[in-house]
Amino acid sequence: MKTLLLTTALALLSLAGCKGVGDECEVTGDGFTRKDPCAALSENICLNWAITCPDGREITPNECAGAVCGADGACPDGQACVQIDAFPENSRCVKADLCE
């Protein structure tokens, strides 16, 4: 019983650190040592590189991006599908006003 309670408590504490789409982020490390605060327990990533907005402006968001949306462009309400690299199929959901 104590083990179950301890495991549950640790799981809840780890969830408290998760970041959502649009939250500020900072990545540390490179390659295998990369630590991405957005990726904890989700498919989100920290966009800490320059991206080109649909209007042609280049920005470095340093914000969490959500699920891959490249195949169909569908994102949850309040989010928009934006290309994050040279491959449209890698596009991600970001907060809707990121490029405004």
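Participant: I'd love a proper account of the nonpolar core, names of residues and values included.
Facilitator: Core analysis: the largest hydrophobic core is formed by eleven residues, namely I45, L47, I51, C53, I59, A65, V82, I84, V94, L98 and C99. Here I51 is in contact with R57, E58, I59, P61, V82, Q83, I84 and L98, once residues within four sequence places are set aside. If you look at the next biggest cluster of nonpolar residues, it comprises five residues, including C25, V27, C46 and C64.

Participant: Explain the side chain of D36 to me, using residue names and the numbers behind them.
Facilitator: Tracing the backbone through its elements, the reader meets D36 in the loop between α1 (2-16) and β1 (45-47). From its side chain, D36 meets the backbone nitrogen of C38 in a polar contact 2.9 Å long. Here the side chain of D36 touches C46 through a polar contact of 2.9 Å, landing on its backbone nitrogen. Setting aside chain neighbours within four positions, we find D36 in contact with V27, I45 and C46.

Participant: How would you sum up the confidence of the model for the chain? Please name residues and give values.
Facilitator: Residues at a pLDDT of 70 or more form 82% of the chain, whose mean pLDDT is 83. Throughout residues 3-16 the model reports pLDDT below 50, and contacts reaching past four residues in sequence, or to other chains, amount to two contacts.

Participant: How would you explain the state of the cysteines if you had to name every residue and give the values?
Facilitator: Evaluated as defined, the whole model comprises five disulfides. Covalently, C53 is tied to C99 through a disulfide, its sulfur atoms 2.1 Å apart. Judged by the sign of its S-S torsion, about -80 degrees, the bond between C53 and C99 is left-handed. Of this pair, C53 sits in the loop between β2 (51-52) and β3 (58-59) while C99 is found in the segment after β6 (92-95), placing the two residues 46 residues apart along the sequence. C99 carries the same exposure label as C53, and that label is buried. If you count the bonded cysteines of the chain from the N-terminus, they pair up as 1-3, 2-5, 4-10, 6-8, 7-9.

Participant: I'd like a rundown of the pattern of salt bridges, residues and numbers included.
Facilitator: Summed over the entire model, instances satisfying the criterion amount to four salt bridges. For D55, the salt bridge identified is with R57, shortest N-O distance 2.9 Å. A relative accessible area of 51% places D55 in the exposed class. Through salt bridges with shared partners, a single ionic network connects E63, K95 and D97.

Participant: Break down the environment of A71 for me, citing the residues and quoting the values.
Facilitator: Checked against the element boundaries, A71 lands in the loop between β4 (63-65) and β5 (79-82). When the C-alpha atoms of A71 and N90 are compared, they prove to be 8.4 Å apart, with 19 residues separating the residues in sequence.

Rules used throughout
- Residues numbered from 1 in each chain as written.
- Predicted model: local features only at pLDDT ≥ 70, side-chain atom pairs only at ≥ 80, totals over all residues.
- Heavy atoms only, no water.
- Core = buried A, V, L, I, M, F, W, Y, C linked by side-chain atoms within 4.5 Å.
- Buried < 20%, exposed > 50% of the residue type's maximum accessible area, 1.4 Å probe, protein only.
- Contact = heavy atoms within 4.5 Å.
- Helix = DSSP H or I, 4+ residues; strand = E, 2+ residues; numbered from the N terminus.
- Polar contact = N/O pair within 3.5 Å; in protein donor to acceptor, adjacent residues only side chain to side chain.
- pLDDT = per-residue confidence, 0-100.
- Disulfide = S-S within 2.5 Å.
- Salt bridge = Lys/Arg side-chain N within 4 Å of Asp/Glu carboxyl O.

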